[in-house]
Amino acid sequence: MASSSYSNPPCAACKFLRRKCLPDCIFAPYFPPEEPQKFANVHKIFGASNVSKLLNEVLPHQREDAVNSLAYEAEARMKDPVYGCVGAISVLQRQVIRLQKELDATNADLIRYACNEIPSTFGRFRMGHGGSSSATSYDQNSALYYPSPWNNDTCGDTQEKRDHGSF
């Protein structure tokens, strides 16, 4: 004799909390029985009662995103109890900054090689007439030479440069 309660297995939350999973269970759509660790982490960090309250307050179409955020933060807190996902975000931001600097340096090298110009250490920046920079610009943070984006000549070869020599 099969009981009707066995037609649907309990969600991971109800199974973890050892309670009967009702058809209107707030956890069932977001914590399937195949992912018990997802609810275990969320419960350990936030508590089942708090998660239930949060899901009841959030609009139904936003609940899945809320659960995914809670699960991500809970997993991050399990790995790094102090910083959680903020630590991971900081690492990724530093990596993006480092890679951007590397990309800028590579692009500057490509421009110099394409124009057959290797600027000297001291001559990377030159002020034009009236205190404004000439056809080149200088990035003080990365100490790289860039041609001016407003000059149509891709190698930074301007009349002023031809008249007065290179940098």
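Where an unreviewed UniProt entry is consulted, the protein appears under the name LOB domain-containing protein, with the organism given as Hevea brasiliensis. Heading Sequence similarities (unreviewed entry) of the UniProt record for the protein holds this comment: "Belongs to the LOB domain-containing protein family."

Draft legend 1. View of the packing of aromatic side chains. Per the stated rule, a full pass over the model turns up 4 aromatic pairs. Relative to F39, the ring of F31 has its centre 5.2 Å away and its plane inclined at 80 degrees; by these criteria the two rings are edge-to-face. Taken as a pair, F31 and F39 share a single burial class, namely buried. By way of ring pairs, the aromatic residues F16, F27, F31 and F39 are connected into one cluster.

Draft legend 2. Main features of the state of the cysteines. Following the criterion strictly, the structure yields 0 disulfides and no others. Here C11 stays free of any disulfide, with the sulfur of C14 as its closest cysteine sulfur at 3.5 Å. C25 takes part in no disulfide bond, and the closest cysteine sulfur, belonging to C14, lies 3.6 Å away. Classification of C25 by relative accessible area gives buried; the value is 11%.

Draft legend 3. Molecular detail of the packing of helix α2 (residues 36–46) against helix α3 (residues 48–57). One can describe the packing of α2 onto α3 by two numbers: an axis separation of 7 Å at closest approach and a directional angle of 100 degrees. The orientation of α2 relative to α3 falls into the category roughly perpendicular. Along the contact surface, α2 presents F39, V42, H43 and F46, while α3 presents A48, N50 and V51. Classifying every residue of the contact of α2 with α3 gives 5 nonpolar, 2 polar and no charged.

Draft legend 4. Structural view of the pattern of salt bridges. Evaluation of the coordinates by the stated rule reveals 5 salt bridges. Two residues, K38 and E35, come together in a salt bridge whose shortest N-O distance is 3.8 Å. For E35, a relative accessible area of 37% translates into the label partly exposed. The salt bridge involving E102 is made with R98; its shortest N-O contact spans 3.8 Å. Within this pair, E102 and its partner R98 are both found in helix α5 (residues 85–114), separated by 4 residues, close to a single helical turn. The partly exposed category is assigned to R98, whose relative accessible area is 47%.

Procedures and definitions
Each residue is numbered by its place in its chain's sequence as written, counting from 1. Owing to the predicted nature of the model, reporting of local features is limited to residues with pLDDT of at least 70; listing and counting of side-chain atom pairs is limited to 80 or more, with chain, interface and lining totals taken over all residues. Values shown for side chains rest on all heavy atoms present in the structure; no hydrogens or waters enter the calculation. UniProt positions are given in the numbering used here, feature names are shortened, and annotations may be inferred rather than shown by experiment. Ring geometry is summarised as follows: Phe, Tyr and Trp rings, the Trp one being its six-membered ring, pair when their centres sit within 6.5 Å, and such pairs are stacked at plane angles under 30 degrees, edge-to-face over 60 and tilted between the two. When accessible area is computed with a 1.4 Å probe and restricted to protein chains, residues below 20% of their type maximum are described as buried, those above 50% as exposed, and intermediate ones as partly exposed. Sulfur atoms of two cysteines make up a disulfide when they are within 2.5 Å. Working convention: axes come from line fits to C-alpha atoms, limited for helices to the stretch in contact. Angles between N-to-C directions cover 0 to 180 degrees. Working definition: helices are DSSP H or I runs of at least four residues, strands are E runs of at least two. Numbering for both runs from the N terminus. With respect to orientation, any angle under 35 degrees is reported as roughly parallel, any angle over 145 as roughly antiparallel, any angle of 65 to 115 as roughly perpendicular, and every other angle as oblique. The contact criterion used is simple: two residues touch if any of their non-hydrogen atoms lie within 4.5 Å. Following the grouping adopted for this structure description, the nonpolar residues are Ala, Val, Leu, Ile, Met, Phe, Trp, Tyr, Cys and Pro, the charged ones are Asp, Glu, Lys and Arg, and the polar ones are all others, Gly among them. Any carboxyl oxygen of Asp or Glu that lies within 4 Å of a side-chain nitrogen of Lys or Arg is treated as forming a salt bridge with it.

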